[in-house]
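Fold and contact review
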Amino acid sequence: MFDKNMFKGRAIFLTGGGTGLGRSMALHFASLGARVFIAGRREEPLKEVCAEIQGAGGEAAYFTCDVRDYAAVEAAADKAYAQFGAIDTLVNNAAGNFIARTEKLSANAFNTVIGIVLNGSFHCTQAFGKRWIAEKSGGNILNIVTTYASTNAGSAFVVPSACAKAGVLAMTTSLAVEWAKYRIRINAIAPGPFPTEGAWSRLMASKQFEEHAKEKNPMKRFGRHEELTSLAVFLLSDMAEYINGECVVIDGAQWLRGAGEFNDLLMLPDSVWEQMEAARAKKS
Ligand code: COA
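Quick summary incoming for the structure in this document.

Reading the values: rules and limits
- Residues numbered from 1 in each chain as written.
- Predicted model: local features only at pLDDT ≥ 70, side-chain atom pairs only at ≥ 80, totals over all residues.
- Heavy atoms only, no water.
- Helix = DSSP H or I, 4+ residues; strand = E, 2+ residues; numbered from the N terminus.
- Rg over C-alpha atoms; globule rule 2.2 N^0.38 Å.
- Buried < 20%, exposed > 50% of the residue type's maximum accessible area, 1.4 Å probe, protein only.
- Lys, Arg positive; Asp, Glu negative; His and termini not counted.
- Charge placed at Lys NZ, Arg CZ, Asp CG, Glu CD.
- Pairing = 2+ DSSP bridges.
- Axes fitted to C-alpha atoms, helices over the stretch in contact; angles between N-to-C directions.
- Phe/Tyr/Trp six-rings, centres within 6.5 Å; stacked < 30°, edge-to-face > 60°.
- Lys NZ or Arg CZ within 6 Å of the ring centre and 35° of its normal.
- Parallel < 35°, antiparallel > 145°, perpendicular 65-115°, else oblique.
- Left-handed = near helix turned anticlockwise from the far one by under 90°.
- Contact = heavy atoms within 4.5 Å.
- Near = heavy atom within 4 Å.
- Polar contact = N/O pair within 3.5 Å; in protein donor to acceptor, adjacent residues only side chain to side chain.
- Nonpolar A, V, L, I, M, F, W, Y, C, P; charged D, E, K, R; others polar.

Describing the overall build of the protein
Of regular secondary structure, the protein possesses 10 helices and seven strands. For 284 residues, the compact-globule estimate of 2.2 N^0.38 gives 19 Å, and the C-alpha radius of gyration of the protein, at 21 Å, lies within 12% of that figure. Expressed as lengths along the three principal axes of its C-alpha atoms, the size of the protein is roughly 75 × 45 × 40 Å. When each of the 284 residues of the protein is scored for burial, the buried share is 45%. Distance between charge centroids for the protein: 1 Å, based on 30 positive and 29 negative side chains.

Shown next, in the form of structure tokens:
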């Protein structure tokens, strides 16, 4: 569907690029000609992703940094500019999350997730936004949030993440307006369940819960990485130039499944529907 040179000339800075969906996005962007600069806390996975991209003929570089630390983010941005001349796209993907009963959380546990997700996304956005405004170059930002980021959703047992991601969503919509005059676009993707080692080990309480989550999804399956990475490509591409401040949900309608009052009727077998329909037919 996408032209193989679609991202030629683009230089993308992506956080959390060593593993999971970040890794998948980095590989997909590079396969379309983008130069990819990945940042993360652990060197080994970053190195491996860069080697994989370079092995396939692409361009990639990395820098180890903790997005909670603004000075480290600034250093990473300097390195990325030195490497590729400029950066035109930022993907805020790095996240931290775990399931826990909220009353058992320490203040530091809450701050840790807020620090990575909300402060980290702000730090990167600020570091690149400032450069793009000074250079009058324009820019593109994509934030990876979650379906429960919406303030009228939320989710039990992941309160720090829900608060942090809701903040990132507010930053997305706010800056879409504030920075449009600088030709900086900012959008978000809200993924439902996409299997990754990081998310599964932290968020899937048990095999039984995993089966339950799959069964509850109207499409009876989890997301495939290429489905999310393709959406990211589209939103970052010139084809989506007029999309600004939007959050696109990609979850097989999982979150809508939990919303509708009568959605649990999905559990009714056809035989029960047929009985009800037959009873109604007799009456009329
Ligand atoms: N339940 C409750 N509290 C938890 C917890 C859990 N499962 N995991 C960590 N914490 C608390 C710690 O106890 C600590 O608080 P304390 O100092 O009061 O004891 C605080 O959170 C920080 O934990 P620490 O392990 O020191 O932080 P870290 O910076 O090394 O790691 C995490 C950050 C906790 C978010 C870790 O899970 C991580 O590195 N995640 C990155 C990947 C990720 O989560 N991706 C998202 C997948 S969806």
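Focus on the sheet that holds strand S3 (residues 59-64)
Two pairing modes exist for strands in a sheet, parallel and antiparallel, and in both the strands are linked by backbone hydrogen bonds. As summarised here, the arrangement of the seven strands in space is S3-S2-S1-S4-S5-S6-S7, forming an open sheet in which the pairing is parallel. The two strands at the open ends of the sheet, each matched to only one other strand, are S3 and strand S7 (247-250). This sheet shows a mean twist of 15 degrees between the axes of neighbouring strands, independent of strand direction. Pairing geometry for strand S1 (residues 11-15) and strand S2 (residues 35-40), over five bridges, is parallel. Paired with phenylalanine 13 across the bridge in S2 is phenylalanine 37.

So, the packing of aromatic side chains
A full pass over the atoms with the stated rule returns seven aromatic pairs. Ring geometry for phenylalanine 13 and phenylalanine 128: centres 4.7 Å apart, planes at 50 degrees, overall tilted. Of the two residues, phenylalanine 13 sits in strand S1 while phenylalanine 128 sits in helix H4 (residues 107-135), which places them 115 residues apart along the sequence. Residue class for phenylalanine 13 comes out buried when judged on its relative accessible area of 1%. Owing to a relative accessible area of 0%, phenylalanine 128 belongs among the buried residues under this scheme. Judged by centre distance (6.3 Å) and plane angle (25 degrees), the ring pair of tyrosine 81 and phenylalanine 128 falls under stacked. With a gap of 47 residues between them, tyrosine 81 in helix H3 (residues 70-84) and phenylalanine 128 in helix H4 connect regions that are remote in the sequence. A relative accessible area of 12% means that tyrosine 81 is categorised as buried. Of the aromatic side chains, those joined through ring pairs into one cluster are Phe13, Phe37, Tyr81, Phe84, Phe128 and Trp132. A cation sits over an aromatic face here: arginine 10 above phenylalanine 7, 4.9 Å from the ring centre.

Some details on the packing of H4 against helix H5 (residues 159-178)
Interaxial distance between H4 and H5 falls to 8 Å at its minimum, and their mutual angle equals 15 degrees. Accordingly, the angle class assigned to the pair H4 and H5 is roughly parallel. Classified by chirality, the crossing of H5 by H4 is right-handed. Taken together, the residues of H5 that come into contact with H4 (itself represented by Phe110, Val113, Ile114, Val117, Leu118, Ser121, Phe122 and Thr125) are Pro160, Ser161, Cys163, Ala164, Lys165, Gly167, Val168, Met171 and Leu175.

A word on the site of the ligand
The ligand sits among 17 residues. The nearest are Arg41, Arg68, Asn97, Ser106 and Asn108. Within the side chain of arginine 68, an N or O atom sits 2.9 Å from an oxygen atom of the ligand. Between an oxygen atom of the ligand and a main-chain N or O atom of asparagine 97, the distance comes to 3.0 Å. For the shell around the ligand, the secondary-structure elements that each account for two or more residues are H4 and helix H6 (197-203). Residue composition of the shell around the ligand, by class: eight nonpolar, six polar and three charged.

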